[in-house]
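Per-entry structural report
Residue-level listing of the chains:
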Amino acid sequence: MGYVGSDLWELRQLVGHRLLALPGAQVLVLDDDGNALFQRRVDTGLWEIPAGSCEPGNGFAATAVTELAEETGLIADERDLEPFACLSAAKDHVLDYPNGDRVHAFAMCFVARSWTGSLRAEVGEVLEFRWAPLTEPPAPLHGPTVEVLRLFAAYTASGRFQAG
């Protein structure tokens with residue numbers, strides 16, 4: 001499901017553009033060579049990793065699986081997702097959308113190393129995909145994605161869950 005008709009869209013009909021706290025998930029998809037999947041957004045043209053907001057009744061892992069499937073066509077199993085960080089600092093994750101909506105997103109970040117399916121861009125959200133080394137992501141990169149990549153590097157180096 002895209003934005004229109006989602007729980008967040010329905011809430012926006014009531015509260016307008018004001019800043020909302022919103023839980024969600026992000027998925028860093030890695031191939032066997034360690035390259036990450038990036039997608040370019042329709043609305044801003046920025047590159048990011050698959051991500052989205054929780055719908056009522058869904059936890060972080062279910063949201064990650066759902067958003068990954070909706071945005072990319074790739075299917076992951078919740079049990080194969082590895083949580084590595086939580087992105088919540090307002091300086092990194094207050095998002096201003098082109099339509100005026102504002103959210104302070106609290107996202108659980110997962111890495112997915114296995115999946116099925118074929119890449120298929122979600123119409124209206126994703127322009128294109130690119131596989132790239134973590135150290136050489138496509139530009140321009142969405143600010144929160146920069147922070148997620150930093151958190152993943154810290155997680156990889158330490159083996160410890162990161163909070164940012």
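Here the structure is a predicted model, which is why all the values come from computation and not from measurement.

Moving on, we come to the packing of aromatic side chains. Inspection of the entire model under this criterion finds 4 aromatic pairs. Ring plane angle 20° and centroid distance 5.8 Å describe the contact between Trp-115 and Trp-131, whose orientation is recorded as stacked. In this pair, Trp-115 is assigned in the loop between strand S7 (102-112) and strand S8 (126-133) and Trp-131 in strand S8, connecting sequence segments 16 residues apart. Taken together, the aromatic side chains of Phe-84, Phe-152 and Tyr-155 make up a single cluster linked through ring pairs.

This brings us to the layout of surface pockets. Reported here for the largest pocket is a volume of approximately 880 Å³. Lining of the largest pocket is provided by 43 residues; of these, Arg-41, Gly-52, Ser-53, Tyr-97 and Glu-125 occupy positions nearest its centre. The set of elements that each furnish at least two residues to the lining of the largest pocket consists of helix H1 (7-15), strand S1 (19-29), strand S2 (35-41), strand S4 (51-53), helix H2 (60-72), S7 and helix H4 (143-158). Grouping the constituent residues of the lining of the largest pocket by class yields 18 nonpolar, 15 polar and 10 charged.

On to the environment of Leu-74, then. Of note, Leu-74 is situated in the loop between H2 and strand S5 (82-87). The exposure class assigned to Leu-74 is buried, which follows from its relative accessible area of 2%. Taking the C-alpha atoms as reference points, Leu-74 and Gly-52, separated by 22 residues in sequence, lie 15 Å from one another. Discounting chain neighbours no more than four positions away, the residues touching Leu-74 are Val-29, Leu-37, Leu-68, Ala-69, Trp-115, Thr-116, Gly-117, Ser-118 and Leu-119.

Reading guide: rules and limits
Residues numbered from 1 in each chain as written. Predicted model: local features only at pLDDT ≥ 70, side-chain atom pairs only at ≥ 80, totals over all residues. Heavy atoms only, no water. Phe/Tyr/Trp six-rings, centres within 6.5 Å; stacked < 30°, edge-to-face > 60°. Helix = DSSP H or I, 4+ residues; strand = E, 2+ residues; numbered from the N terminus. 1 Å grid on protein atoms, 1.4 Å probe; cavity = no way out; pocket = protein on both sides within 12 Å on 5 of 7 lines; lining within 4 Å. Points joined across faces, edges and corners; volume = space filled by probe spheres on them. Nonpolar A, V, L, I, M, F, W, Y, C, P; charged D, E, K, R; others polar. Buried < 20%, exposed > 50% of the residue type's maximum accessible area, 1.4 Å probe, protein only. Contact = heavy atoms within 4.5 Å.

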